[in-house]
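# Architecture and fold: a report
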Protein chains: 2
Amino acid sequence: MSSLNLILTPVQKDLAIVESIMHASVKSQNEDLASALDQIITSGGKRVRPAISLLISKVLGGPEEKIYFLAASVEILHSATLVHDDLIDGALIRRGIQTLNAKWSAGATVLSGDYLFSCSAKLAADTESTRVVKRFSETLSIIVNGEITQLFHGPCRLDRDEYYQRIYAKTASLFETCAYCSALLCSDDPKVHESFKTYGREIGMAFQIIDDILDFTGDQATLGKPVGNDLHQGLFTLPLQIYTERYPDRKFVQDILSGNCIEDNENIKELITDLVSTDAIRESLNVAKEFSARGIRSIESYPTSEEHTSLIDLANFIVDRDL
Amino acid sequence: MSSLNLILTPVQKDLAIVESIMHASVKSQNEDLASALDQIITSGGKRVRPAISLLISKVLGGPEEKIYFLAASVEILHSATLVHDDLIDGALIRRGIQTLNAKWSAGATVLSGDYLFSCSAKLAADTESTRVVKRFSETLSIIVNGEITQLFHGPCRLDRDEYYQRIYAKTASLFETCAYCSALLCSDDPKVHESFKTYGREIGMAFQIIDDILDFTGDQATLGKPVGNDLHQGLFTLPLQIYTERYPDRKFVQDILSGNCIEDNENIKELITDLVSTDAIRESLNVAKEFSARGIRSIESYPTSEEHTSLIDLANFIVDRDL
């Protein structure tokens, strides 16, 4: 059993229920669509987001069924945005398997994502809380705004604030939502809502920074996508920002600082090799650990329980993945 | 003042409020996106759908503000699906102006539609009714399912049942929703919900049949898109179905009955000229009138009022547009 599975032990049975709700939700009259969506759901990651909703509900003693709907809704919203992302990026592989985009026309891919949006909205409404639905719609608008800003600003930008805004929109906003909405459904206390919202957001920021580090240090087999993918897409992440700040004299840095992209495959390889030999990776990791620690601090004061320990362990695990 | 504007007199002031809610709703941090969406909203049709929600709420005596949110939500959902439709169809013009798709990359267009979905979901949640949100998400799934089925089934199909399913998914489902949700917010009586749901669905079916007739009989200036657009896209609508049933000996009919598309521009023109010289148009109009009459019958028994008269007049107007 992996260490993540161990951490999620208190909610493994619940995760299986969420899984079946997700599969039931994406059933469609159209067989081709139904089977494609079923495959997307089956191949879908480690369920960290639903696990966060479930763990928080157990810490706060929440209404079981509504949390299942919330958890399924969060994960399907995530899948929906990925389907459209892959189309926009022209990505052919995600999590080691072919994207919908690689198999279908652009039209069918757009519509499949739209269909997943409708499934996610339906499940959000099944929580019977319009506050949850509002938060969901706001999250989708944050995610989309982030992507559009990225499209319009163009590639190869080095601004640190912009980077944080981007990873908040891309990743942390949804982590925040799965934590916040769980607290909304379990408690009437705005302070409780705020502390779990902070937990979700901060570990979400940490999660994305680690993802960005892995794009330099990982290998294709573990990542399920090519190494250096971000650089190939003109996406300058934290490790590169730290590297350019600390090592202005290295081969490609002046070029990058002048606003240029690194496009040649061999140059990207050379840049990555040099970058990982510096302390840019360790420094990025430290930043991720600061986010994770802030997340832990915001929920530390809640009574100890198996599930509470899992939330702390999860925050630590996120910054301790195979680097 | 056009006759439609006359019919909608009792809700003109409310429509202006809905309009401002729509504009406020699509505001975004990103200026390019905000201005593009603002243009989409400004150029957006005759507001028949919001007007239906508003008129019904006045007949039933509903909660004003929630109906405004509902009406704005319906219309933005409609715009969102159009943005993705235009992308999928490669349409460059809608309502006489350039589509987003004609100006922007596919990626930006996908994301703009997604952003509109999030605005629509937020407004649906502002009605504070999860039943409304559920109905909205179901409607989106019906619309998308219809389009995906059309994509997978391929073009140039003559099946009458399939045609009705298609226009229900494409148009009548959203008419049904704007009527049904208004009734949901104004009354607790399931019989009331059902009668207005039927009204919305039936006049929605009539509306789309008339649209399909206009594709043969209209001109580009009035339509805001080229005549024969459906045939060019391999979309066989009611007039063509009636024509092929009644005139198996005409030039292109055997070809069509064998499952072929009419692709050549000159052939399409010739086919249209012949079709409009037959009774296929009148017969299609009769079918539309039957739908419209069923819609009227379902709400006939409600007390007479200015707004009730407008609902009846609207049902009649829909089948009496410039043909």
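To keep things clear, this report deals only with the structure shown in the data block. (Residues numbered from 1 in each chain as written. Chains lettered and ligands numbered in written order. Predicted model: local features only at pLDDT ≥ 70, side-chain atom pairs only at ≥ 80, totals over all residues.)

### Focus: the overall build of chain A
A tally of helices and strands in chain A yields 17 helices and two strands. Computed over its C-alpha atoms, the radius of gyration of chain A comes to 20 Å, within 12% of the 20 Å expected for a compact globule of 323 residues. Projected onto the principal axes, the alpha-carbon positions of chain A cover approximately 55 × 50 × 35 Å. Looking at chain A as a whole, 51% of its 323 residues are labelled buried. (Helix = DSSP H or I, 4+ residues; strand = E, 2+ residues; numbered from the N terminus. Rg over C-alpha atoms; globule rule 2.2 N^0.38 Å. Buried ≥ 20, exposed ≤ 12 C-beta atoms within 10 Å, placed from the backbone.)

### With respect to the interface of chain B and chain A
In many analyses, interface size is given as the accessible surface area lost on bringing the parts together. If you look at the interface, chain B gives 37 residues, while chain A gives 37 residues. At the level of elements, α3 (31–42), α5 (64–89), α7 (106–126) and α8 (130–153) of chain B are the ones that each hand at least two residues to the side of chain B that touches chain A. Here the side of chain B that touches chain A takes 15 residues from α8(B), the largest share from any one element. The class makeup of the residues in the side of chain B that touches chain A is 19 nonpolar, eleven polar and seven charged. (Contact = placed C-beta atoms within 7 Å. Nonpolar A, V, L, I, M, F, W, Y, C, P; charged D, E, K, R; others polar.)

### Considering the packing of helix α9 (residues 160–186) of chain B against helix α10 (residues 190–217) of chain B
Residue and element names in this part refer to chain B. It is at 7 Å that the axes of α9 and α10 come closest, and there the two elements cross at 150 degrees. One element, α9, and the other, α10, form an angle in the roughly antiparallel class. In the crossing of α9 with α10, the sense of the turn from one axis to the other is right-handed. (Axes fitted to C-alpha atoms, helices over the stretch in contact; angles between N-to-C directions. Parallel < 35°, antiparallel > 145°, perpendicular 65-115°, else oblique. Left-handed = near helix turned anticlockwise from the far one by under 90°.)

### Concerning helix α17 (residues 306–318) of chain A
Quick reminder: α-helices carry 3.6 residues per turn. Residues three or four places apart thus point the same way. All names here are of chain A. For α17, built from 13 residues, the straight-helix expectation of 18 Å at 1.5 Å per residue is met to within 8% by its first-to-last C-alpha distance of 18 Å. Among the residues making up α17, those that are buried are Ser310, Leu311, Leu314, Ala315 and Ile318. Looking straight down α17, one finds its buried side chains confined to an arc of 135 degrees; they lie on one side. The elements touched by buried residues of α17 are α1 (3–7), α4 (48–60), α10 (190–217) and α16 (280–299). (Expected span 1.5 Å × (residues − 1). Arc of directions from axis to C-beta.)

### Notes on the relation of the copies chain B and chain A
Once chain B has been moved 0.0 Å along the axis and rotated by 180 degrees, it coincides with chain A to within an RMSD of 0.0 Å. The transformation just described matches what one would write down for a two-fold rotation axis. Judged by C-alpha distance, B:Thr130 is the residue of chain B that lies nearest the rotation axis, at 3.1 Å. Comparing interface residues between copies, 100% of those in chain B also lie at the interface in chain A; the contact surface is shared. (Least-squares fit on C-alpha atoms with pLDDT ≥ 70 in both.)

### Remarks on helix α3 (residues 31–42) of chain A
The end-to-end C-alpha distance of α3(A), which contains twelve residues, comes to 16 Å, matching closely the 16 Å that a straight helix rising 1.5 Å per residue would cover. Inspection of α3(A) places A:Leu33, A:Ala36, A:Leu37 and A:Ile40 among the buried residues, and these make up the whole buried set. End-on, the buried residues of α3(A) take up no more than an arc of 95 degrees, which puts them together on one face. The exposed set on the far side of α3(A), more than 90 degrees from its buried face, consists of A:Glu31, A:Ser35 and A:Thr42. Tucked into the core, α3(A) has its buried residues touching α5 (64–89), α6 (100–103) and α7 (106–126) of chain A together with α8 of chain B.

### Concerning the environment of A:Gln12
All names here are of chain A. Looking at the element boundaries, Gln12 is found in helix α2 (residues 12–25). Residue classification places Gln12 among the partly exposed positions, given that 14 C-beta atoms sit within 10 Å. Between the C-alpha atoms of Gln12 and Leu54, which are 42 residues apart in sequence, the distance is 9.7 Å.

### Some words on the environment of A:Glu307
Residues and elements named next belong to chain A. Tracing the backbone through its elements, the reader meets Glu307 in helix α17. With 18 C-beta atoms packed within 10 Å, Glu307 lands in the partly exposed category. Between the C-alpha atoms of Glu307 and Val11, which are 296 residues apart in sequence, the distance is 8.2 Å. Sequence-distant contacts of Glu307, that is, excluding residues within four places in its chain, are made with Pro10, Leu55, Lys58 and Val59.

### Considerations on unusual backbone geometry
With a phi close to 65 degrees, A:Cys156 is a non-glycine residue in the positive phi region. Summarising the element assignment, A:Cys156 is placed in the loop between α8 (130–153) and α9 (160–186). The backbone phi angle of B:Arg47 is positive, close to 60 degrees, even though this residue is not glycine. Here B:Arg47 shows up in the loop between α3 and α4 (48–60). Judged by local crowding, B:Arg47 falls into the buried class, with 22 C-beta atoms found within 10 Å.

### As for the nonpolar core
A:Ala206, A:Ile209, B:Ala206 and B:Ile209 are the most contacted members of the largest nonpolar core, which has 197 residues in total. In terms of residue count, α9(A) provides more of this core than any other element does, 15 residues in total. For A:Ala206, the residues in contact, after removing those within four places along its chain, are A:Ala288, A:Phe291, A:Ser292, A:Ile318 and A:Val319. (Core = buried A, V, L, I, M, F, W, Y, C linked by C-beta atoms within 7 Å.)

### Some words on the packing of helix α16 (residues 280–299) of chain B against helix α17 (residues 306–318) of chain B
All names here are of chain B. Put simply, α16 and α17 touch, their axes get as near as 9 Å, and they point 175 degrees apart. One element, α16, and the other, α17, form an angle in the roughly antiparallel class. Contacts between α16 and α17 involve Ser292, Gly295, Ile296 and Ile299 from the former and Leu311, Ile312, Ala315, Asn316 and Ile318 from the latter. Split by residue class, the contact of α16 with α17 holds six nonpolar, three polar and no charged.

### Side note on the environment of A:Tyr243
All names here are of chain A. As for its placement among the helices and strands, Tyr243 is situated in helix α13 (residues 238–246). Residue classification places Tyr243 among the buried residues on the basis of 26 C-beta atoms within 10 Å. Taking the C-alpha atoms as reference, Tyr243 lies 9.5 Å from Asp274; in sequence the two are 31 residues apart. Discounting chain neighbours no more than four positions away, the residues touching Tyr243 are Leu275, Thr278 and Ala280.

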